[in-house]
Each structure stands twice: as C-alpha cells, then as structure tokens.
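Close look at the chain arrangement
The lines below spell out each chain.
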Amino acid sequence: MAQISELSSLLETLTVSIDTFKAELARQNLPEPSLCSSQPHAIDSPSYLSPPLMYEAQRIAVTCLDQLRLLLENPSEVVVRTSMSSAEVPGLRLAVELDLHHVLDKAHDPEQGVHIRVIAQETETDALKLGKHVMRNLVIHGWFRETQHGTFANNRRSHTLKKDSAGYHAIRNIARLSYGAVGSLPDALAHPDETFRMSRAPSKAAWNLHMNSDIHVFGAGGWLDTHPEEGKRFAQGGAGVGSVSEKSVIQDIPWQDMLTGLDGLVDVGGGHGTFCCKLAMACPEIKTFVVQDLPSLENIVRTSIASQGLSDRVVFQGQNFFEPNRLLGTGSYIFTLQNVLHMWSVEDSAKILGNIRECLKDGKSKLFVINSLLSAVTVSRDGPPAKESLEALKRQDTYTPISPPPFIPKEFGDNRLTAHALDACVMAICNSFMYTHEDMERAAELAGMKIKAVHATRGRMHVLEIGIES
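Criteria and thresholds
Residues numbered from 1 in each chain as written. Predicted model: local features only at pLDDT ≥ 70, side-chain atom pairs only at ≥ 80, totals over all residues. Heavy atoms only, no water. Domains from an automatic or database assignment. 1 Å grid on protein atoms, 1.4 Å probe; cavity = no way out; pocket = protein on both sides within 12 Å on 5 of 7 lines; lining within 4 Å. Points joined across faces, edges and corners; volume = space filled by probe spheres on them. Helix = DSSP H or I, 4+ residues; strand = E, 2+ residues; numbered from the N terminus. Nonpolar A, V, L, I, M, F, W, Y, C, P; charged D, E, K, R; others polar. Contact = heavy atoms within 4.5 Å. Pairing = 2+ DSSP bridges. Axes fitted to C-alpha atoms, helices over the stretch in contact; angles between N-to-C directions. Disulfide = S-S within 2.5 Å. Buried < 20%, exposed > 50% of the residue type's maximum accessible area, 1.4 Å probe, protein only. Salt bridge = Lys/Arg side-chain N within 4 Å of Asp/Glu carboxyl O. Polar contact = N/O pair within 3.5 Å; in protein donor to acceptor, adjacent residues only side chain to side chain.

1. A word on the domain arrangement of the chain
On domain assignment, one finds that the chain holds domain 1 (86–161) and domain 2 (228–375 + 411–468). In this structure, domain 1 and domain 2 have C-alpha centres spaced 36 Å apart.

2. Side note on empty space enclosed by the protein
A complete count under the given rule lists 2 cavities of 30 Å³ or more for this structure. Lining the largest cavity are Asn-173, Arg-176, Leu-177, Leu-224, Glu-230, Arg-233 and Phe-234. Broken down by secondary-structure element, the contributors of at least two residues to the lining of the largest cavity are helix H8 (166–183) and helix H13 (228–252). Looking at side-chain class alone, the lining of the largest cavity contains 3 nonpolar, 1 polar and 3 charged residues. Volume-wise, the second largest cavity comes out at about 30 Å³. For the second largest cavity, the full set of lining residues is Val-268, Gln-319, Asn-320, Phe-321, Glu-323, Pro-324, Asn-325, Ile-352, Asn-355 and Ile-356.

3. Structural notes on the side chain of Asn-320
If you trace the backbone, Asn-320 turns up in the loop between strand E6 (314–318) and strand E7 (334–338). Among all residues touching Asn-320, those that are not within four sequence positions of it are Ala-220 and Leu-294.

4. Some thoughts on the sheet that holds strand E2 (residues 145–148)
Pairing is antiparallel in the open sheet, where 3 strands are placed in the order E1-E3-E2. For this open sheet the edge positions go to strand E1 (114–115) and E2, each flanked by a neighbour on one side alone. Both E2 and strand E3 (residues 151–153) contribute to a ladder of 3 bridges, which runs antiparallel. For Glu-146, the partnering residue across the bridge sits in E3 and is Phe-152. Contacts from helix H7 (residues 127–140) reach E2 and E3 within the one sheet, and its direction differs from that of E3 by about 40 degrees.

5. Considering the state of the cysteines
Overall, the coordinates contain 0 disulfides when judged by the stated rule. Between Cys-359, a free cysteine, and Cys-276, which holds the nearest cysteine sulfur, the sulfur-to-sulfur gap is 15 Å. In this structure Cys-425 is a free cysteine whose sulfur lies 10 Å from that of Cys-430, the closest cysteine sulfur available.

6. Digging into unusual backbone geometry
The phi dihedral of Asn-29 is positive, around 55 degrees, even though this residue is not glycine. Mapped onto the secondary structure, Asn-29 falls in the loop between helix H1 (6–27) and helix H2 (52–72). Take Asn-29: its relative accessible area is 71%, and that puts it in the exposed class.

7. Remarks on the sheet that holds E7
Two pairing modes exist for strands in a sheet, parallel and antiparallel, and in both the strands are linked by backbone hydrogen bonds. Judged by pairing direction, the sheet is mixed, and its 7 strands sit side by side in the order E6-E5-E4-E7-E8-E10-E9 without closing on themselves. At either end of the open sheet lies a strand with only one pairing partner, and these are E6 and strand E9 (449–456). For this sheet the average axis-to-axis angle between neighbouring strands, irrespective of direction, equals 25 degrees. With 4 bridges joining them, strand E4 (residues 265–268) and strand E5 (residues 289–293) adopt parallel strand pairing. Residue pairing across strands places Asp-267 opposite Val-291, the latter belonging to E5. The strands touched by helix H17 (residues 346–357) are E4, E7, strand E8 (366–371), E9 and strand E10 (462–468); relative to E7, the strand with the most contacts, the crossing angle is about 165 degrees.

8. Comments concerning the pattern of salt bridges
If you walk through the whole model with that rule in mind, you get 20 salt bridges. Taking the shortest distance from any N to any O, the salt bridge between Asp-44 and Arg-156 comes out at 2.6 Å. In this pair, Asp-44 is assigned in the loop between H1 and H2 and Arg-156 in the loop between E3 and H8, connecting sequence segments 112 residues apart. A salt bridge links Arg-59 to Glu-56, with the shortest nitrogen-to-oxygen separation between them at 2.9 Å. Taken as a pair, Arg-59 and Glu-56 lie in helix H2 at a separation of 3 residues, close to a single helical turn. For the pair Arg-59 and Glu-56, one class covers both residues: buried. Taken together, the shared-partner salt bridges connect Asp-66, Arg-69, Glu-73 and Arg-81 into one network.

9. Brief notes about the environment of Thr-147
Structurally, the position occupied by Thr-147 is in strand E2. Taking the C-alpha atoms as reference, Thr-147 lies 34 Å from Val-182; in sequence the two are 35 residues apart. Not counting chain neighbours up to four residues away, the residues in contact with Thr-147 comprise Glu-111, Gln-112 and Ala-153. From its side chain, Thr-147 meets the backbone oxygen of Gln-112 in a polar contact 2.6 Å long.

Encoded structure:
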C-alpha cells in the first residue's frame, strides 16, 4: 500500500475547506476578511453565528494550518521561541488596562493609526518600553498592526479588547486570576512535600503557592465568596469566556420547545445571570428564569439583570449547590449547570448532581450540563475526505460535527485548544480538571443518574441531558 503524504493530504484538505469558506462568504454577500484593515469583519460580531457548513469549513482550515505549521517549522527553533513566549498574556493585560483599542480607534485616520509617542503620552507610559517591547510583540501575535515604523493601528482582533466587551473581561479578569497560578504549576506538581504534591484538595493547588494562601478559590467561604470584588471580576470574566459558546448553545438547542409547559429555567451556579438573560431574550414566551448562586452575589446579579430590563422575568435566588435545591417541590423546571462541574472533583460533582436529582423526581423537570468535554488528541491517517463531509452538510439545516479528515486530530487540534488550556487553568486554580465523557458518566453514576443524550454545538460546547436511572 502506497504511503500517504501528510503534506499533500493536508494541503488538499486546506484547499477544499478554504474554497468552501469563501463560497459561504459569497453566498452571504460578505467580503473576505483582511489583515490590513482597522475595521472588524461582519463575522466578528457577537451576534453572528456561522452556518453549519461555514463553521466546519473554517474549523477544518484552521486545524490544517496548525498541522502544516507543526510539520514545517524547525523543532529547535520552536523550543527556543517557546522558552521566550510568555509575554503575550501580560501584553494583552496591559492593552486592556491602558484601553489601547480606544486610543487607536479615535485616531484622526484609524487606518493609519497612532505614533507610539502619542500612545505613550495618552497612556502615561514609557514609549520605548510600550512600543518596541509590548506593542510589537502583540503585533507579531496578530493583535494590532504596525502600519509604518513606530505607528500602530487596530485590526480585527484588537476590537475584541474594547473596554467592557466580552474579550476585555476575559483578559482583564480570567487571565489575571489564572496566569500566575499556571506559572506555579511546575512548583505544585513537583512540590517537595508529597502530601501537597499528591493532594486533590482545592486548597492545595498551584494558586495557593502563587498567592501564599491556604484558602480555596470557589464555593461558600472561598476566595471569591469572601472577596466580593474578586467574585464580581471573576463572574465578569466568566461571562467573557462563555461568550464564544453562548450563541451556539442558545441556537443549537431547542430551549423554547423544551420549556413549553414547564415553570421556567433555573441556571444553577449562574454567576451574573448572563446565560439566563440571553436565553430570556431568545425565548420571549417563557416567563420565568432563575439565576441561582451564592448569596454574596445577589446585589451584583440583580443590578446586572435590571440593567437589561429583565427584572420581571429573570430573578436571583441564593443557593449553595451543595445543599438541597430551594425549588424542590415548587414546580417543574429545566435545570442547567454551565461550566460548573469542572471546578470540582467527580465526587463533589456527584453531590451537586444529587441535589438536583431530587428535583427531577416530579417526572417533568430535566437537567442539562453544559461543558466542554476533553477527548484524546490522536491523529489517524484514515477518515472521510473533507470534500465528502462538507458536501453532506449542504443538505443539513441543523448542526452536526463532522468526522476529522485524514491527519486532522480527533478533537481538531488547536481548534479545541480552549478546553485543553482551560484544563491547565482549572488544575492550577482549584486542583480539578476538565471532564471527559467518562468522567461525566462516573459523576452521574455516583449521583444515581445517567447521561441520556449528548448534543454538540458550534461553540465547541457539549450539552448533556442527565436524568434519573430507570
């Protein structure tokens, strides 16, 4: 049997996926994206969700590019570059703290940009440090443009750093919490004290070494609960991180149909209520949405809900999810747990699920767990050609993920990097991990429940229906 060329196979797959992506842009009367513009593209809008065919074509193309880069780059150069690549996240944190997007956006000619001397003057920073060492590093990573020597301008990516945007809060709040903790992971995993090194306790994580504290981060009595401003920032950051999957979770799941005849939806551990508010706007016929979280968040959440004019339909209810649910026996609901369980061990997650299990005994209520599920990153020479898989999507109205083409990782490589990166952050912050399907099955089993269905979404999130074992 002839040896298959990885380069040729990936190049063919890349060509097919880019041609499909371009055709989808043309079908929607959209221009091609550009790296030479200070304006965002229409597909960058927070309200835009790619059609299934376009989404899969884009996902294949990005993964192909990543795999081709891995094939072509010199490993020795990569290890040296990686050893010096820790400046991107601090640079982004500085960019949002200084509101560089706004400085560049208000330029007399936004396409031309602003000279570093002016940027430094407006932000009261050192021009040499900011320009030569921070801005250029961010340009290399694609966050801004250098239009001519020493002059910088916005691009597509930099608009995601606009003040109070989802990306702004993700960088300002989540990166702030996780960066130092992840940096301490080697010290935690190789700690000289075996009891610390082998511990799964949430108070013996890399974050505790970084902060020199023995308090756990999440839950009642934790860092975020006892430091309200930190809790507020984390909730804002969590909403920012969730924004990349929020549209697809709302549109790819028939919430309106499932909620018909029930008393409403309850988001357990719902943070600032972002998901409930977005879902309330998408399902105007549903009258009741309940955000359940620790009582310390009440004022913040009520204010957030009121600012969106939804106080008559979205309400806050204080709830520790390790305690019996306050809505038990009050009606029939859809309960959701979004990005919650991975912060806890399988055993603790079983306790959380067990408290909701009692609410499902009415026979009408349902539970949906919304989370990314980790999978192996294996690569196979086999798999359906991209052209064949994409052609099949042309006849589908609902989203179904395709199987990876030859030499594309099972979980689409860097296109699933968010979940794997989040896995490291969760381990560093609270000694937990992102769940695999098997982990979720085990948690459900310990709670006397089982996974009834798994739905994939275009935001790379999984929506799992978990019910009582019959």
